[in-house]
Amino acid sequence: MSDQSGSAADSKSKRYDRQIRIWGAEGQQRLEHARIALFNCSPTGSETLKNLVLGGIASFTIVDGNKVQPRDLGNNFLVVAARLGHPRAQVVTDLLKEMNDAVSGSYVEDTPEELLENNAEFLEGFDLVIATQVGLQDMRAAAAAAVVLCCAVLYCAVLPAWPMKEAAAIRYPASRAFT
């Protein structure tokens, strides 16, 4: 039995080797326990969540009330023409789950505004909320969660984080060498 758990740990170390070299085993462990909510799977939000899924987060939930439209095909590589008219949250969730089978993913086919209005407790189970294409007023209900508002203008993204429950950075002694 211990042979299998050791084998699983070795597999995980190999899979996330580059990340562990950057932020250490503690940072990777924190990432592996992270529960992320994405409001609207815009190109910026989808790309951000894709990078977190590849990094090995525990789980994600996408909240988006839109259907895949032709304009999505040119700017969001996580949607495909064969899924035109399908719920965008479902399409992106399906493709993200294929990228890392160790990550659990789900979706809610509703607008973030309607979801927060009808279920204010929804965000209690998440460590981080990534919100795209929403206004500041819409995010007031999420004030207790760590929120990153993403807004991409042409090729420049603005990512203000507010308010943070705890610092996301992991501090190391100055003597630690990264090799």
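Here's what I pulled together on the structure shown here. Small disclaimer: the values here were computed from a predicted structure and weren't measured.

1. Brief notes about the environment of A131
Step number 1: Along the chain, A131 turns up in strand β4 (residues 128–132).
Step number 2: With 17 residues separating them in the primary sequence, A131 and V148 have C-alpha atoms 6.1 Å apart.

2. With respect to the packing of helix α2 (residues 17–32) against helix α3 (residues 43–55)
Step number 1: Contact geometry for α2 and α3: axes closest at 12 Å, N-to-C directions at 90 degrees. Considering their axes alone, α2 and α3 lie roughly perpendicular with respect to each other. Side by side, α2 and α3 meet where Q19, Q28 and L31 of the first sit next to L52, L54 and G55 of the second.
Step number 2: Among the residues forming the contact of α2 with α3, the class breakdown is three nonpolar, three polar and no charged.

3. Description of α2
Step number 1: For α2, which comprises 16 residues, the first-to-last C-alpha distance of 14 Å sits more than 12% below the rise-based estimate of 22 Å (1.5 Å per residue).
Step number 2: Approximately 110 degrees is the largest bend angle found in α2, and it occurs at G24.
Step number 3: Within the sequence span of α2, burial applies to Q19, G24, G27, Q28, L31 and E32.

4. Brief notes about the side chain of N76
Step number 1: Along the chain, N76 falls in the loop between α4 (70–73) and α5 (88–99).
Step number 2: Of the polar contacts made by the side chain of N76, one reaches the side chain of S46; its length is 3.1 Å.
Step number 3: In contact with N76, other than residues within four places in its own chain, are C41, S42, P43 and S46.

5. Overview of the environment of G105
Step number 1: Among the secondary structure elements, G105 is positioned in strand β3 (residues 104–108).
Step number 2: By relative accessible area, G105 is classed as buried at 14%.

6. Observations concerning α5
Step number 1: Its 12 residues give α5 an end-to-end C-alpha distance of 17 Å, which sits within 8% of 16 Å, the value for a rise of 1.5 Å per residue.
Step number 2: Looking only at α5, the buried set comprises R88, A89, V91, V92, T93 and L96.
Step number 3: Tucked into the core, α5 has its buried residues touching α3, β2 (59–63), α4 and β3.

7. Quick look at the side chain of R88
Step number 1: Within the secondary structure, R88 is located in helix α5.
Step number 2: Judged by its relative accessible area of 5%, R88 falls in the buried class.
Step number 3: Those residues in contact with R88, other than ones at most four positions away along the chain, are C41, D64, N66, K67, V68, D72, V79 and Q133.

8. Quick look at the nonpolar core
Step number 1: Core analysis: the largest hydrophobic core is formed by 21 residues, its most contacted members being I36, L49, I57, F60, I62 and L96.
Step number 2: For this core, the secondary structure elements donating two or more residues are β1 (35–39), α3, β2, α5 and β4.
Step number 3: Per-element accounting of this core gives the leading share, four residues, to α5.
Step number 4: Core analysis: the next-biggest nonpolar cluster, separate from the first, contains 12 residues, F39, V63, V129 and V134 among them.

9. Looking at the pairing of β2
Step number 1: The buried fraction of β2 amounts to four of the five residues, a majority that puts the element mostly inside the structure.
Step number 2: Both β1 and β2 contribute to a ladder of five bridges, which runs parallel. Opposite L38, over in β2, you have I62 as the bridge partner.
Step number 3: Taking the sense of rotation as the criterion, the β-α-β connection linking β1, α3 and β2 turns out right-handed.
Step number 4: Here β2 pairs with β3 via five bridges, running parallel.

Reading the values: the criteria
Residues numbered from 1 in each chain as written. Predicted model: local features only at pLDDT ≥ 70, side-chain atom pairs only at ≥ 80, totals over all residues. Heavy atoms only, no water. Helix = DSSP H or I, 4+ residues; strand = E, 2+ residues; numbered from the N terminus. Axes fitted to C-alpha atoms, helices over the stretch in contact; angles between N-to-C directions. Parallel < 35°, antiparallel > 145°, perpendicular 65-115°, else oblique. Contact = heavy atoms within 4.5 Å. Nonpolar A, V, L, I, M, F, W, Y, C, P; charged D, E, K, R; others polar. Expected span 1.5 Å × (residues − 1). Bend = angle between axes of the 7 residues up to and from the residue. Buried < 20%, exposed > 50% of the residue type's maximum accessible area, 1.4 Å probe, protein only. Polar contact = N/O pair within 3.5 Å; in protein donor to acceptor, adjacent residues only side chain to side chain. Core = buried A, V, L, I, M, F, W, Y, C linked by side-chain atoms within 4.5 Å. Pairing = 2+ DSSP bridges. Right-handed = clockwise from strand over helix to strand, strands pointing away.

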